[in-house]
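Structure assessment
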Amino acid sequence: MAYQMLVDLDRCVGCWTCAMACKVGNHLADDEYRVEVETHGSGKGIDRPAGVYPDLHMTWQPVYLPTCTFCAPRAAEGEKPFCVNCCPTLALAFGNAEDAESAFSQEKARVEGRGARVWELDSAGTQTRANVLYATAR
Ligand code: SF4
Ligand code: SF4
């Protein structure tokens, strides 16, 4: 299996439900996260927009940490990861990249079909997990 995650940034509303679902589902400690949601705005913390009122803007990016297991026990049972299961905007898709019928492959084909740019963070030597792709038409 070649499990991968696809994050549609155009659907992410920065709600942190993915992070909370992971925390609850995987019984993580209060200060432990396996995915964190970054705000791309003024660079001064969560939900701080860039720009000058009324021209304010910000976007969000879930960043998967190296401790993320892709919910291996659930994946082995054919279940979605907790974060994917609970995202209210369907911004997350997970599955076998080698299977054209998987949720990951289907969603990747959908976003590429609407002209989205798809890329992967360079996880080497960083605090990000490999095999997480991002897509945005912006
Ligand atoms: S990926 Fe989904 S659950 Fe996570 S912050 Fe974005 S919209 Fe919320
Ligand atoms: S895939 Fe599983 S372990 Fe990784 S962030 Fe999502 S819920 Fe947590």
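The text that follows walks through the structure, step by step, so that each part is easy to find. (Residues numbered from 1 in each chain as written. Chains lettered and ligands numbered in written order. Predicted model: local features only at pLDDT ≥ 70, side-chain atom pairs only at ≥ 80, totals over all residues. Heavy atoms only, no water.)

Details of the site of ligand 1
The condition that has to hold: For this purpose, a residue is taken to be near a molecule or strand whenever a single non-hydrogen atom of the residue falls within 4 Å of it. Only Asp, Glu, Lys and Arg are considered charged in this grouping, and only Ala, Val, Leu, Ile, Met, Phe, Trp, Tyr, Cys and Pro are considered nonpolar; every other residue, Gly among them, is considered polar.
Of all residues adjacent to ligand 1, which total 13 residues, the nearest are Cys12, Cys15, Trp16, Cys18 and Cys87. Its residues assigned to classes, the shell around ligand 1 comprises 10 nonpolar, three polar and no charged.

Comments concerning the site of ligand 2
By nearness alone, every residue bordering ligand 2 is listed as Cys22, Asn26, Arg34, Val35, Tyr64, Cys68, Thr69, Phe70, Cys71, Pro81, Phe82 and Cys83. Here the residues of the shell around ligand 2 are counted per class, giving nine nonpolar, two polar and one charged.

A closer look at the packing of aromatic side chains
Quick note on the threshold: Each aromatic pair joins two rings of Phe, Tyr and Trp (for Trp, the six-membered one) with centres within 6.5 Å, and gets the label stacked for planes under 30 degrees apart, edge-to-face for over 60, and tilted for any other angle. What counts as a helix is a DSSP run of H or I of at least four residues, what counts as a strand is a run of E of at least two, and both are numbered from the N terminus. Whether a residue is buried, partly exposed or exposed follows from its accessible area with a 1.4 Å probe, protein chains only, as a fraction of its type maximum: under 20%, in between, or over 50%, in that order.
Summed over the entire model, instances satisfying the criterion amount to four aromatic pairs. Judged by centre distance (5.0 Å) and plane angle (20°), the ring pair of Tyr3 and Phe94 falls under stacked. Here Tyr3 is found in strand β1 (residues 3-8), whereas its partner Phe94 is found in strand β6 (residues 92-96), with 91 residues between them in sequence. The exposure class assigned to Phe94 is buried, which follows from its relative accessible area of 10%.

Points about the layout of surface pockets
The test is simple: Buriedness of a pocket was judged along seven lines, with at least five required to meet protein on both sides within 12 Å; pockets are open sets of points on a 1 Å grid over the protein atoms alone, cavities are sets where a 1.4 Å probe fits but cannot get out, and lining residues have an atom within 4 Å of a point. Grid points are joined across faces, edges and corners, and a volume is the space filled by probe spheres set on the points.
Estimates place the volume of the largest pocket at around 340 Å³. Looking at the lining of the largest pocket, the elements with two or more residues in it are α3 (82-86), β6 and α4 (103-113). With five residues, β6 is the single largest residue contributor to the lining of the largest pocket. Across the lining of the largest pocket, the residue classes tally to nine nonpolar, five polar and five charged.

What about the sheet that holds strand β7 (residues 117-120)?
Heads up, the rule is: Think of it this way: DSSP has to see at least two bridges between two strands before they count as a pair. Each axis is a line fitted through C-alpha atoms, and for a helix only the stretch in contact is used; angles between axes span 0 to 180 degrees, taken between their N-to-C directions. Any pair of residues with heavy atoms lying within 4.5 Å of one another is described as a contacting pair.
In space, the four strands of this open sheet follow the order β6-β1-β8-β7, with mixed pairing throughout. Two strands bound the open sheet, and with one partner strand each, they are β6 and β7. Each neighbouring strand pair of the sheet contributes to a mean axis angle of 25°, computed without reference to strand direction. Here five bridges tie β1 to β6, and the two strands are oriented antiparallel to one another. Bridge pairing in β6 links Met5 to Phe94. Each of β1, β6, β7 and β8 (132-136) touches α4; the most contacted strand, β1, lies at about 35° to it.

What about the nonpolar core?
Operational definition: The criterion is simple. A nonpolar core is a set of buried Ala, Val, Leu, Ile, Met, Phe, Trp, Tyr and Cys residues joined through side-chain atoms within 4.5 Å.
In terms of nonpolar packing, the biggest core is built from 24 residues, with Met5, Val7, Tyr64, Cys83, Leu92 and Val132 touching the most fellow members. Elements supplying a minimum of two residues to this core: β1, α1 (17-25), β2 (35-40), β5 (59-64), α3, β6 and β8. Considering every element that reaches this core, the biggest residue donor is β5, with three residues. Those residues in contact with Val132 that lie beyond four places of it in its chain are Met5, Val7, Tyr64, Phe70, Trp119, Glu120 and Leu121.

With respect to the environment of Cys83
For Cys83, the location among the structural elements is in helix α3. What makes Cys83 buried here is its relative accessible area of 6%. Separated by 60 residues in the primary sequence, Cys83 and Lys23 place their C-alpha atoms 9.2 Å from one another. For Cys83, the contacting residues outside a window of four places in its chain are Met5, Cys18, Ala21, Tyr64 and Leu92.

Comments concerning α4
Basically, it comes down to this: This arc is taken over the directions from the axis of the helix to the C-beta atoms.
Taken residue by residue, α4 has Phe104, Ser105, Glu107 and Val111 as its buried positions. Projection of α4 onto a plane perpendicular to its axis shows the buried side chains occupying an angular sector of 165°, all on one side. Of the surrounding elements, those touching the buried residues of α4 are β1, β6, β7 and β8. A positive backbone phi angle near 85° is found at Gly115, which sits one or two residues after α4.

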